[in-house]
Amino acid sequence: MSVSYPSKPRCARKRSLAINPNTNTNTNTNTTSSLSFSPCHRFSLSSFGSTNSPLPRRRHRSGEAMAIAIQPSMEPVTKKKPPTKQRRVVVTGMGVETPIGNNPDQFYTNLLQGVSGISEIEAFDCSNYPTRIAGEIKNFSTNGWVAPKLSKRMDRFMLYMLTAGKKALADSGITQDQMNEIDKSRCGVLIGSAMGGMKVFNDAIEALRVSYRKMNPFCVPFATTNMGSAMLAMDLGWMGPNYSISTACATSNFCILNAANHIIRGEADMMLCGGSDAVIIPIGLGGFVACRALSERNSDPAKASRPWDSGRDGFVMGEGAGVLLLEELEHAKKRGAKIYAEFLGGSFTCDAYHMTEPHPQGAGVILCIEKALSQAGVSREDVNYINAHATSTPAGDLKEYRALLHCFGNNQELRVNSTKSMIGHLLGAAGAVEAVATVQAIRTGWIHPNVNLENPDEGVDTKVLVGPEKEKLDVKVALSNSFGFGGHNSSILFAPFQ
């Protein structure tokens, strides 16, 4: 922090020592040079934790005595860090659990073919609910990934997280020999969840109705959102940064960007990051029904999620997990890793407007996108693909669309789609699963369709939105958006590795 001083201070040395007569000149300089005071405030010695320092007793105008007393005896010396080369971050592994595939290739092939994973809920009887459809994972298995004992006890969101995380690591090509050689203190896990272990917690409440003795002793740790990251780190022995972020439906993007920042700052070389959620249970469905947020198109589930279509009536709940392995470029090269894409950067903002409604002018979204571009050093013209948040809600889709046009309206190459049109909204896992789709678009040169976009909203330019068929696209820079209840906005950027 810089401090401005009046020219030619009188008796600067003498009065600076008056604060602490036992402090030498250099120490006093270092202590006070980081402080800044406004001359319009009064200060007392108690502000510095001392009542005995011999300050002059004569009266001064408000603030004058202290303003003079803190002057150092010499100009502060600022030690600048030597310039360091920017550490680049690349994607070297991906893992998913989704309604239309449990590996990145199967998942993206189905997206390109327009396959919908939305169907009637089978996990429980929801015949009395106005919404009876979801993007449900029908055939999930932990075989070979999670110990059977844990599989029976853990909440499903943790099981999705663990399997997707281990699949990402396997996809990265890290052998057991390499695992034994890497510095595990520089490997971390940052995978979040919007809702955490709702099933475990709900079961605990039901057990408590009988007696606390009936409660699962693991109900507290297995309900907390951080425990998935912690369990994965324990399994791998990774001792680097480890925690979980929860920002509603923007969770995954927050985790991905923070994980990348740990690598950029030199605090880690590898980070597993993303999000997981499993809320297709009675309390989860009932809660969103109470919010009046869900589609009720029960007779035609595959047509229920329809971003930007005038016939949409709410979003469709989904479940699953997405995990990326981010790695420092030189570290990846040294071990001969395949590089899927480069992570360029991103940004976060808050609407500071409403718990569930987006800002009417999209101010927070626009600011988030512009900050992401600035932080990554990317021009608007370079972004030609956007995987939008677009959840199929009447207000949210249009607000985001207008924000995108505000930021990229002059870009004639821009193509926009929504993965949620086929898998529903995976809540805290949405951003990570969509990040996998974004990286796959870069890898394959194909972008998936927007299904169910039959009657676009008035004012929506279908030349910007991808149609009902996949499209060939040489992606220059891709943007992926995620927004969440509470006004959380997040935008992250990927590009082909060059």
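Provided above is the structure to which this section pertains.
The paragraphs below set out a description of the structure included in this document. (Residues numbered from 1 in each chain as written. Predicted model: local features only at pLDDT ≥ 70, side-chain atom pairs only at ≥ 80, totals over all residues. Heavy atoms only, no water.)

### Structural notes on unusual backbone geometry
The backbone phi angle of Ala 248 is positive, close to 55°, even though this residue is not glycine. Among the secondary structure elements, Ala 248 is positioned in the loop between strand 5 (242-243) and helix 11 (251-264). (Helix = DSSP H or I, 4+ residues; strand = E, 2+ residues; numbered from the N terminus.)

### Some details on the sheet that holds strand 7 (residues 320-328)
Strands sit in the order 5-4-6-7-1-8-14-13-9-10 across an open sheet of 10 strands; the sheet is mixed. Either end of the sheet is taken by a strand with one partner, and the two such strands are strand 5 and strand 10 (415-417). Bridge count for strand 9 (residues 383-387) against strand 13 (residues 477-484) is 4 bridges, and the pairing is parallel. In the strand pairing of strand 13, Asn 387 is matched with Ser 480. Strands in contact with helix 6 (residues 156-171) are strand 1 (89-97), strand 4 (187-192), strand 6 (270-277) and strand 7; relative to strand 1, the strand with the most contacts, it is inclined by about 135°. (Pairing = 2+ DSSP bridges. Contact = heavy atoms within 4.5 Å. Axes fitted to C-alpha atoms, helices over the stretch in contact; angles between N-to-C directions.)

### Some details on the side chain of Asn 450
With respect to the helices, strands and loops of the structure, Asn 450 is situated in the loop between strand 11 (446-447) and strand 12 (471-472). On the basis of relative accessibility, which here comes to 3%, the residue Asn 450 falls in the buried class. Of note is the side chain of Asn 450, whose polar atom sits 3.1 Å from the backbone oxygen of Val 416. Look past the residues within four positions of Asn 450 in its chain and what remains in contact with it is Trp 308, Val 416, Asn 417, Ser 418, Ser 421, Leu 465, Val 466, Gly 467 and Pro 468. (Buried < 20%, exposed > 50% of the residue type's maximum accessible area, 1.4 Å probe, protein only. Polar contact = N/O pair within 3.5 Å; in protein donor to acceptor, adjacent residues only side chain to side chain.)

### Regarding the layout of surface pockets
The space that makes up the largest pocket amounts to roughly 620 Å³. Only helix 15 (394-408), strand 13 and strand 14 (488-495) provide two or more residues apiece to the lining of the largest pocket. Tallying contributions element by element places helix 15 first for the lining of the largest pocket, with 6 residues. Looking at the lining of the largest pocket residue by residue, the classes come out as 12 nonpolar, 14 polar and 7 charged. Of the pockets and cavities examined, the second largest pocket occupies roughly 460 Å³. Lining the second largest pocket are 25 residues, with Asp 155, Arg 156, Lys 199, Asp 203 and Ile 281 sitting closest to its centre. Of all the elements in the fold, those that place two or more residues in the lining of the second largest pocket are helix 5 (148-153), helix 6 and helix 8 (198-208). (1 Å grid on protein atoms, 1.4 Å probe; cavity = no way out; pocket = protein on both sides within 12 Å on 5 of 7 lines; lining within 4 Å. Points joined across faces, edges and corners; volume = space filled by probe spheres on them. Nonpolar A, V, L, I, M, F, W, Y, C, P; charged D, E, K, R; others polar.)

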